[in-house]
Each structure stands twice: as structure tokens, then as C-alpha cells.
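# What the coordinates show
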Amino acid sequence: MLRMIAAAALLLPFAAAAQQTIKIGMINVLSGQFADAGAQMDNGAKTYMKMHGDSVAGKKIEIIRRDVGGPNPDVAKRHAQELVVRDKVDLLAGFLLTPNALAAADVSAEAKRFMVVMNAATSIIIAKSPYMIRTSVTLPQVMETFGTWAATKGGLKQNYTMVTDYGPGHDAEAAFASAFKTAGGTIVGSVRFPVANPDFSAFVQRAKDLAPESIYVFIPGGAQPAALGKAFAERGIDKKKTKILGSGETTAEAALKSMGDAGLDIITAWHYDYKLDNPLNREFVRVFSEMHGRNPDFFSIGGYDGMHAIYETLKKTEGNTDGEAMIAAAKGLKWQSPRGPMSIDPQTRDVVQDVYIRRVQKVGDEYVNVPFDKISAVKDPAGERRKQQKQ
Amino acid sequence: MFASLAGVLFDGVAYGMLLFLLSVGLSVTLGMMNFVNLAHCSLAMVGGYVTVSLTNRYGWPFVAALPMAFLAAAAVALVLERTLYRRLYRASDLDQCLFTIGIVFISIAVYAWFYGTVVQSAPTPSYLRGSVELFGMSFAAYRLFLIALGLAVAIVLVAALEYTRFGAQVRAAVDNQRMARGLGIDVDRAFMITFALGGGLAGLGGAAAIEIVGLDHAFALNYLVYVLIVVAVGGLGSIGGSFAAALLLGVSDMAGKYYFPWLGAFLIYLVMVALLMWRPVGLFARR
Amino acid sequence: MRPLEAAFWAATLLPFVVTPSYLALASQVAITALFALSLDLILGYAGIVSLGHAAYFGFGAYTAGLLSKHDFGEPLTGLVLAAIAAGLLGYVTSHLIVRFRHLALIMLTLGLGLLLAEAANSASWLTGGADGLQGVKTAPLLGFKFDLYGRTAYAYSLAVLFLLFLVARRIIHSPFGLALRGIRENARRMPAIGAPSLAHLRKVYTIAAVMAGAAGALLTQTTSTVSLEVLSFGRSADVLVILILGGAGRLYGGIVGAIIYMVARDQFASMNPQYWYFWVGLLLVAVVLFLPNGVLGGLSALYKRPE
């Protein structure tokens, strides 16, 4: 008996060595104005680990969370540095906001650490570190696709654009408008909202004065989509005559709930919705809402698939966390996600996925984004252009 | 042309009423005791979250939840004043700022803990949704309601301040606190009641704001700047001043966005800077 | 320099040996301390309460960033040029600012700060807008590369903080500094005894802007990033909180405040990334209740009481 205990004690260190941990430094925004988006992204990652266990390739996954508090690249960079030099993390993940991802990319490139962008959607981020992949979406990926769709299958000839006056707004406006014009449409006017804009009536009135055939909208998530939707209703815009086009933020779950009937018939292009009807998604939504008491959103799916990409990469490298090995293994990964089939482009390292065209409808007593069209395996067009320029 | 002008004016007035409700309490308490309460918008959030809870969880009608928002915020203000703030009347302005910012931070975390970080909404009854046709133009029903609410509050406040004994005491305390004390007015008690009233009005404003701007845990910081602008432009301790400033800022903000959208973000600050350079003590300052 | 002061500055070297993995944080603490020191010059010594001081910090930060983006990445010249640029902005705006007092003053500084922040957002062709300025690459400092550990960054920030601290100290103890305190205590009387109040205020405001600009440039250079956040209301409010926390009107107030606030925030946030605001709020409330006039003010009152 004693001998067995002694033997077990001798074996213990080896067992511990075999069960090493892989540390992931998760740089996110968990306080302040963007806290909700950050929390949802984190919830998505947690849900993945709940569903697929917290060890992979024989190693335990440990997540070290850091809060940047908003678009603060100096803080994000500091956290990335500290995670690498002090906490000795094996890879970096998270990144809700573009400036934070760009700042941490420097650290990923210098320290040769694998980095997974789970949300930030500005196209150029991916070019900043050769060890980076993205599992969310890029703005041109959805918005150029949408612009082309609107002018062709959508049958629209005229559009008025309304975007928030900040980087992503400008990018979305440019992407949609250029694709819409290339496909034969005309932009009859445009307006940009201030970032901190509590009330949209004046802008909607301006758009209404021109009576355009369709209006394209891009605004950040949070309280603004509901306010905008209500402004459309209050200004008496008939969505049967004037089509409202937008991004997934505009018709997020909370926004739809707050808008009520005012949200009906808004058409959006997006890559994920919690109501997508497939078995994987139903299971994901079930576990997610059990864990967190609410439904997942597109931030959550970015976190979920980000963890999936990390797990699959580690399986391929058999637990080797070297930056070169991981990025080589991650290139060309393909998998079935709750959002549908997706992959990592072997050349640009960016996300490739389906884009859904949806319309807000009342299903039972719920307001739902119902997909009625789909464009398959869309790459990031801006990344493709960069690739051609290089060649 | 005329229709669009009327529409812009209407929206601006409605927005101004919201600013008025949110800021009038701070103006009076700041003018009266010189107490810098940066946590004023945290009180607005009390009203907002009470409304969210009552309408969503307990099925109260929106309009019935509004008085409760007022009462709850007033009660919290009263407790805060009696237990903490009164210790700080003699403290420096800077210490008051630091203390109340501390309260804001705590309140942000507490709201996030209890209600999460998601943007909350409160269902409004059908007669407050959509728009109403008047004189051949359509007006948003909820904004009409806001304007009516703001006007009613302003009238009640002015009447109470001008024609009641308590109002006279408050005016005396705002004009000259030392003199008022000398005349035997219980300034501390007057302040306590005023503070509770101001907090209650903020709570009402917070509840009414949900439909327009939504409500989340960061509200207390996001709207602090607007409230301070209204208070400074209106002049400390003046209800009329707050009313005029809120209207002016609301209308100029809307008109600016409609006629000069490229100036949209700048306009409210430009108007403030210009007005303060013209009248540094505010439009209707009592001192 | 008194022994206590010498001990304090010697202690600032400790992070190099004691906590070498915290140097990136230490560097940002030093930068924030410099920023708070610059606010102290106008708030603590001249009575100008500002809620828009980030305007000068951000102006310096963007100047340094734009210089380095356009292949002018040598840090020392960048620092000097950024400080001068912020000083010019400070000089121009001081003509407006110093004529006002009380709430109007606070709101005017706030308004100017927000206008500049909005302008930077609109001019995304220049500033990179919400994504932040791209292509900032700081050249090595006197041959030392800005490393992942933050050694160069901390040494650089600390050296600049120390030098500008000596400058500030000299100013405070000069007749000019005395005149400023006179203006703070009684703005009307000073001209009567022959002190040109407004000119003095303009001068100190400009000096403070220079220092804030230097702090901003340091942040840009040590992190190779600039974003709109350097101009934000949040940054102005944070530095005010930091200064009051440490104790306004005391040379070390901003420095002590920066150390306490930033270290507390870092520790609370890594323990509790979602609800750390609660603990920071509690800290502020407790300081006001138990150590009025900031940590240094409260401590010196406690120290003097037994006498």
C-alpha cells in the first residue's frame, strides 16, 4: 500500500508534465460603452469550451482575460506585451475593436505569437501580423457583397447612404456604394451621423425629403439601431416603397425587440443570426442561453469560431504553440460552424464564409431576421485586391 | 420648406424637453448648495432601470411606471444625501467631484452586475408609438408626450417655486445661503427636499429617455456632458434658465443636423462655447 | 532636493530590478504622471480647472505620430516638436480660456477639448479616424530599440518626467509661481500690486500645454500607436481624477495620484475584468472620506495634527 502511494507520488510530476497548459491571452473590452459586445464575444468563447472541453491535444487550455475598456490601442498593446513577457501566454486572442487589434498585431509579429481576431472587422488588420487569422467578418466582405446584391438581384437602382461618421462607417459606406455603383446603381445622396448621436429624426427627415428608392444604413450596435428604426417609423417612411438596407447590427435582437413593428421589412446582409436554422446552431444557442441567460449574437459566433480555430490548429500541431507552426496549420482550415460552412483563406489568412440576405419578419410574436438569399464562400474583397497589388 | 422647419423645430423641442428633465435638478442643487453632484445621471439611471423592471418583469404599463421612476430616484437621492453627501458640503469642489465620480463608477458596476451590459428598452403603449396627424403634418406620438411632460414639469416647478413658502425658502437659499440661514430658514432641510426632488426629476427623465436613447450601464457617463452643458448655459439655480438652455440646445442640435449635417457633431459644443463667451454665468443666472 | 525627494526618485528605478515584467505599465504611469503634473500647474497653482486638458496631450500625441509616420521617427526631435506644437495650441487657446472663471471656465475647456476630438474624428484622412493613425514607427532611442519588455520605454518616460518635474519645481518656487498662487487666491487683487494676472495665466497655461504635449508624444512613441482616445473627454476626466486623488496644488500630487490610480486600476481589472469600476469607485470615495484634499493633502494633515 505504502509502496503504491510512493509510486503514485513519483509519477505525479510526470502526469503534470504530460498535462501541460496552453495559455491564451484574451484581450477584450469588458467595461465601458462596448462592454456588452465584449461580454458576448467572451460568452461565445466560454460556450465553445463548455461544449468541447477545456483541453485539446492533451493540454489544458487556460484563458487569461484582460480588459482594454474601449478603443485604447496603448492599453491593448501594453496588455499584449505583458501577457507575452509576464504571463508567458502561448497565443493572443479576442480583439473586439480595430485599434486594439492593430496595436497588438505589432506584438504578435515581434514575439512570433499566433493571434486570433474574434471580432474587429476592418480589412487591413490581417496584414499587420503574419501570425494572425480572423474568425469574425470583414466589412467589405459583407458590404460589397450587399451592394452588388442590391443593384442586381435586389432590383434597386437608387440609394441614399446614411452612416456613422467614424472609420467603420466610412469603410462600410465606401464598400457598399462602390459595389452598388459598379453593378449599375446610383447613389442619390449621403449623410453621416455624429458618433455620439442620440436622435436620428433630423437625418431621417433629410433622407425622406429626397424620396429615394432605398436607404443604406450603417451604425454601431447598442442603443442607436433602435433609435434609428423608430425615427424611420415616426417620420412615416413606408418600407414597402423605400427599402431600408443595413448591417446585422441594425437588426440585432435587442434592437428588434425595442423597435417592434418599426423594424419590420428592414433588409440586412450579415453572416450570423441566432435564429439560423441548422442543427449545429440550435445546439449552440441552447447551450449558450443555458449558460448566459440570453441568446448569442454575431460577437458570440466570432468568439466561438475563434476558439474552434484555436482547438483545430492545436490538434494539427499536436500541441505545438510555436507561431510559425500554428499559422501554417491554421491556413486553409475548413469547418462547419453554426453560421454555416467557413474556412481560413490559405493566402490572406482571413475568414471565408457565406453572407445571408435577411428580411425582418414577425414569426409568432417575435421579430426575426429571416434569410431569403445567400451568397456562398465570400472572401474579403479588399484582401483579394491587396493580394493582386502585391503580385 | 415650412413643413420641414416645423418638423425640425418639433423634434428639437422634444429633445430639449428630455435634456431639461435630466438637468434641472442638478442646476438647482448646484446653485443652492454649491454641491457638485456629478452622479446626477446615476440617479436618472435609477428611474430608467426601475421603469425597465416594472414594465418588462412585472408587466406595468409604461405610463404607470413613470411616477415610480420619480419616487425611486427621489428616495435614492434622499438616502444618498442624508448618509454621504451631507458630510461633504464643507469639502472643496474638487473633493466633491472626486467623491461623486467615485459614486458614478460604483453605480456603473452595480447596474452592470444586476442588469447586464445589454441596452435595455421598456415597451411603450400603442398610443405612444408611430405618429399623429395634426394640421396636415405628422408628429411622432412619443415626442408629443415628451413635450407635454416637459411643459407640465416646468409649469409645476415654476408655480411651486414662485407661489409656495417652500419655494420662497429655496429661492432665498439659492440667492444667498448665509442670509437665508440668518433669517431662520432651515437651509439643510430645504436642500434635502430639493435634492430629492431634483433626483426624482432626473429619474423621470431617465425613464422618459429610454424610448429615445435606450438605457445601458454607461448612461451615467455618456449623458453627463450634455447635462453639464445645459446647466452651465442655463445658469446655476435657474429653472427658467435650464428650460431655455435645454430648448435652445435641443433645437439648434436638430436644426444643425438637418441643415448642416457635416457640422452635426460640432454644433452643440459650438453653441455652448459661443453662449458661454457671451454670458459666462449662463442665460438666466441668479447670481 | 530633500532626502525624502531623493529617496522617491531613487525608488522610481526599482521597477527595473524588482518588477521587470511591469515596465510597460510603469512607463504609462510615468506618462500619466507627467500629464497630471502639467494639469497641476494650471489647476493646483493657478486655479484653472480644466475638463479638456486632453486636447494638448492628444495634439502632442498626433504630432509625434504624424512625424514618425512621415519618416521622421527620431524620438527626441519628435518629442520636442510635439511639445512645441501643443504649446502653440495652448498659447492660442489661452487667450480665450484665462478670461473666464468657475463653471464657464470648466465648460469652455470641455467644449474646446470636445471640438478638437470631433475635428480629429472628421479629419480621418489626416488622423486615421476611429481606427487610429497607421504606420507609426518610432526609431530607436539613441540606439536603444523600444523592446517588448518596455525597458527603453520606461527609461525614456521616466527621464522626461524627471526633467520636466525639475522644470515645474523651478517654476513653482520662482516669483512667477508665487504670483500665480496669488492670482489663484484672489484674482482681483493681484493687478493692484502690479502683477499682470492675465499674462501670467496665459504663460502658465502655455507651459502646461507644452508638458501635456510632451506626455502625449511619449505615449505615441513608446507604444507606436495613436488613436482618437488620446483626445477624449475620458482622458481629460481621468487626469483630473488622478490629480485630485493625489492632491492638487502639490508637486507630487499628480505623480502619486497616477501611481495609485493606474496600479489600482490594473490590479482590480486583472482580478475582475468586468466589474473593476466598482473597486476603483470605492477607492475614490474612501480617499475623499478619510483623506480630504487628496492622498498627499490628507496625509500631511494627519502628519501635522499631533503638533
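Below: a short report on this structure. (Residues numbered from 1 in each chain as written. Chains lettered and ligands numbered in written order. Predicted model: local features only at pLDDT ≥ 70, side-chain atom pairs only at ≥ 80, totals over all residues.)

Contacts between the two partners involve 26 residues from chain B, matched on the other side by 30 residues from chain A. Those elements that place two or more of their residues in the side of chain B that touches chain A are helix H1 (2-33), strand E2 (137-140), helix H8 (187-213), helix H11 (239-259) and helix H12 (264-278) of chain B. The dominant element in the side of chain B that touches chain A, judged by the number of residues it contributes, is H1 of chain B, at five residues. Broken down by class, the residue content of the side of chain B that touches chain A amounts to 13 nonpolar, nine polar and four charged. (Contact = placed C-beta atoms within 7 Å. Helix = DSSP H or I, 4+ residues; strand = E, 2+ residues; numbered from the N terminus. Nonpolar A, V, L, I, M, F, W, Y, C, P; charged D, E, K, R; others polar.)

Residue and element names in this part refer to chain A. The element strand E1 (residues 21-28) is largely enclosed, with a buried count of six among its eight residues. In this sheet, strand E4 (residues 91-94) lies alongside E1 in parallel orientation, the contact comprising four bridges. When the sheet's bridge partners are listed, Gly-25 is paired in E4 with Leu-92. (Buried ≥ 20, exposed ≤ 12 C-beta atoms within 10 Å, placed from the backbone. Pairing = 2+ DSSP bridges.)

Moving on, we get to the nonpolar core. Ala-104 of chain A, Leu-18 and Ile-229 of chain B together with Leu-34, Met-107 and Ala-214 of chain C are the most contacted members of the largest nonpolar core, which totals 352 residues. For this core, the two domains that each supply at least three residues are domain 1 (2-137 + 278-349) and domain 2 (140-270 + 355-390) of chain A. Non-local contacts of Ile-229 of chain B, meaning those with residues more than four positions away in its chain, are made with Leu-249, Ile-268 and Met-272 of chain B together with Met-107 of chain C. (Core = buried A, V, L, I, M, F, W, Y, C linked by C-beta atoms within 7 Å. Domains from an automatic or database assignment.)

Taken together, the 26 residues of chain C in the interface contact 33 residues of chain A. When residues of the side of chain C that touches chain A are traced back to their parent elements, those giving at least two are helix H3 (23-43), helix H6 (102-122), helix H11 (197-223), helix H13 (253-271) and helix H14 (276-290) of chain C. Here the side of chain C that touches chain A gets three residues from one element, more than from any other, and that element is H3 of chain C. The class makeup of the residues in the side of chain C that touches chain A is 10 nonpolar, 14 polar and two charged.

Before going further, it helps to examine the packing of helix H6 (residues 165-175) of chain B against H8 of chain B. Residue and element names in this part refer to chain B. Packing of H6 against H8 brings their axes to within 10 Å, and their N-to-C directions diverge by 105 degrees. The angle between H6 and H8 places the two elements in the roughly perpendicular class. The segment H6 lies against H8, with Gln-169, Val-170 and Ala-173 engaging Val-187, Ala-190, Phe-191 and Thr-194. Across the contact of H6 with H8, the residue classes tally to five nonpolar, two polar and no charged. (Axes fitted to C-alpha atoms, helices over the stretch in contact; angles between N-to-C directions. Parallel < 35°, antiparallel > 145°, perpendicular 65-115°, else oblique.)

At a minimum axis separation of 8 Å, helix H7 (residues 201-210) of chain A and H11 of chain B run at an interaxial angle of 30 degrees. In terms of axis orientation, H7 of chain A runs roughly parallel to H11 of chain B. The handedness of the crossing between H7 of chain A and H11 of chain B comes out as right-handed. Across from Ser-201, Ala-202, Phe-203, Gln-205 and Arg-206 of chain A in H7 of chain A, the residues of H11 of chain B making contact are Met-254, Lys-257 and Tyr-258 of chain B. Partitioned by chemical class, the residues of the contact of H7 of chain A with H11 of chain B number four nonpolar, two polar and two charged. (Left-handed = near helix turned anticlockwise from the far one by under 90°.)

Attention shifts here to the pairing of strand E15 (residues 366-378) of chain A. Residues and elements named next belong to chain A. The sheet contact formed by strand E14 (residues 351-363) and E15 spans 10 bridges and is antiparallel. By the bridge assignment for E15, Val-355 is matched with Ile-375. The turn joining E14 and E15, which pair antiparallel and follow one another in sequence, is formed by two residues; a positive phi near 65 degrees is taken by Gly-364.

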